[in-house]
Amino acid sequence: MMRAYELMVIVDGDVEDPKAQSWIKFVTDEIAKVEGSVHGKPDWWGKRPFAYQINKKDSGYYLVVECLANGGALDELERQLRLADDIVRHKLIRLPDAEAERRGMVVPAA
């Protein structure tokens, strides 16, 4: 069964903008590899200052992706994000069914 997810990724603010934006393609390709689909367009927020320092960094590039995938299919993507040096933080949440339906990500059960 396909489930709705929201993934936020914060790329290190010290990397160059094109390299930071290459993470959009990486994330969408990894979702496609596990037969998932990106809902809408990835939301690139650009470079933003942090409220407090994270790993001695003051800013980062924010990316938010809504997607549909089978349960557990995004485990490998999460592992790769954990290991990547350019990624400061990431958070993958499964959206509740009502919220996914509100966002138009799933068809309501009949």
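To keep things clear, this report deals only with the structure shown in the data block. For clarity, every value in this text was computed on a predicted model and none was experimentally measured. (Residues numbered from 1 in each chain as written. Predicted model: local features only at pLDDT ≥ 70, side-chain atom pairs only at ≥ 80, totals over all residues. Heavy atoms only, no water.)

1. Remarks on the pattern of salt bridges
Part 1: By the definition in use, this model includes eleven salt bridges.
Part 2: Close ionic contact of Lys-19 with Asp-86 constitutes a salt bridge, the shortest N to O distance being 3.2 Å. One end of the pair, Lys-19, is in helix H1 (residues 17–33); the other, Asp-86, is in the loop between helix H2 (75–83) and strand S4 (87–94), with 67 residues separating them in the sequence.
Part 3: Residue classification places Lys-19 among the partly exposed positions, given a relative accessible area of 46%.
Part 4: For Asp-86, a relative accessible area of 14% gives the class buried.
Part 5: In this structure, the salt-bridge partner of Glu-99 is Arg-102, at a minimum N-O distance of 2.8 Å. In this pair, Glu-99 and Arg-102 both sit in helix H3 (residues 97–102), three residues apart, roughly one turn of the helix.
Part 6: With a relative accessible area of 21%, Glu-99 lands in the partly exposed category.
Part 7: By relative accessible area, Arg-102 is classed as exposed at 61%.
Part 8: Each of Glu-6, Glu-66, Glu-99, Arg-102 and Arg-103 takes part in salt bridges that share partners, so that together they form one network. (Salt bridge = Lys/Arg side-chain N within 4 Å of Asp/Glu carboxyl O. Helix = DSSP H or I, 4+ residues; strand = E, 2+ residues; numbered from the N terminus. Buried < 20%, exposed > 50% of the residue type's maximum accessible area, 1.4 Å probe, protein only.)

2. Overview of the side chain of Glu-30
Part 1: Mapping Glu-30 onto the fold places it in helix H1.
Part 2: Within the structure, Glu-30 has its side chain in polar contact with the side chain of Lys-33 (distance 2.9 Å).
Part 3: When near neighbours in sequence (up to four residues on either side) are disregarded, Glu-30 contacts Leu-77 and Gln-80. (Polar contact = N/O pair within 3.5 Å; in protein donor to acceptor, adjacent residues only side chain to side chain. Contact = heavy atoms within 4.5 Å.)

Purely geometric numbers; function is a separate question.
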